[in-house]
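One letter stands for each residue in the lines below.
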Amino acid sequence: MKSWQFVRLMAGLFILLSLALGVEGSPLFVSPWWLAFTAFVGVNLFQSALTQWCLMETILRKLGLQPGC
């Protein structure tokens, strides 16, 4: 798995998990403040699209995951 694929996998997982924890109709509901984490992940995805830089991807590459498409 390439580093960019892992970043997108984790972003999708974080979004789904935070929605499950933050939406009142969910059986896993904890607090509506979890929706702030959803917004944080979305802002980071937006920022990385504009700047072509993602901290998590940089860390993953240093840990040995391959870059590239």
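Residues numbered from 1 in each chain as written. Predicted model: local features only at pLDDT ≥ 70, side-chain atom pairs only at ≥ 80, totals over all residues. Heavy atoms only, no water.

Okay, the packing of helix α1 (residues 3-22) against helix α3 (residues 55-62) next. Two elements in contact, α1 and α3, have axes separated by 9 Å at closest approach and are oriented at 130 degrees. Judged on the interaxial angle alone, α3 and α1 are oblique. Of the two elements, α1 crosses α3, and the hand of that crossing is right-handed. Contacts from Ser3, Trp4, Phe6, Val7 and Met10 in α1 reach Met56, Glu57, Leu60 and Arg61 in α3. Of the residues that constitute the contact of α1 with α3, the class distribution is 6 nonpolar, 1 polar and 2 charged. (Axes fitted to C-alpha atoms, helices over the stretch in contact; angles between N-to-C directions. Helix = DSSP H or I, 4+ residues; strand = E, 2+ residues; numbered from the N terminus. Parallel < 35°, antiparallel > 145°, perpendicular 65-115°, else oblique. Left-handed = near helix turned anticlockwise from the far one by under 90°. Contact = heavy atoms within 4.5 Å. Nonpolar A, V, L, I, M, F, W, Y, C, P; charged D, E, K, R; others polar.)

What follows covers the environment of glycine 22. Following the sequence through the fold, glycine 22 ends up in helix α1. Expressed as a C-alpha distance, the spacing of glycine 22 and proline 32, which sit 10 residues apart in the sequence, is 4.3 Å. Setting aside its immediate chain neighbours within four residues, glycine 22 contacts Phe29, Ser31, Pro32, Trp34 and Leu35.

Of the residues in the protein chain, 99% have a pLDDT of 70 or more, and the chain-wide mean is 93. Considering each helix and strand of the protein chain separately, the mean pLDDT is smallest for α3, with a value of 91, and largest for helix α2 (residues 34-51), with 96. (pLDDT = per-residue confidence, 0-100.)

Take the packing of α1 against α2 next. Closest axis-to-axis distance for the α1/α2 pair is 7 Å, and the angle between their directions is 155 degrees. In this view, α1 runs roughly antiparallel relative to α2, as classed from their interaxial angle. α1 and α2 meet at a crossing whose hand is left-handed. Along its contact with α1, which presents Ala11, Phe14, Ile15, Ser18, Leu19, Leu21 and Gly22, the element α2 presents Trp34, Leu35, Phe37, Thr38, Val41 and Leu45. Residue classes in the contact of α1 with α2 are distributed as 10 nonpolar, 3 polar and no charged.

Among the secondary structure elements, threonine 58 is positioned in helix α3. The class for threonine 58 is partly exposed, based on a relative accessible area of 28%. As a C-alpha pair, threonine 58 and serine 3 span 55 residues in sequence and 8.4 Å in three-dimensional space. (Buried < 20%, exposed > 50% of the residue type's maximum accessible area, 1.4 Å probe, protein only.)

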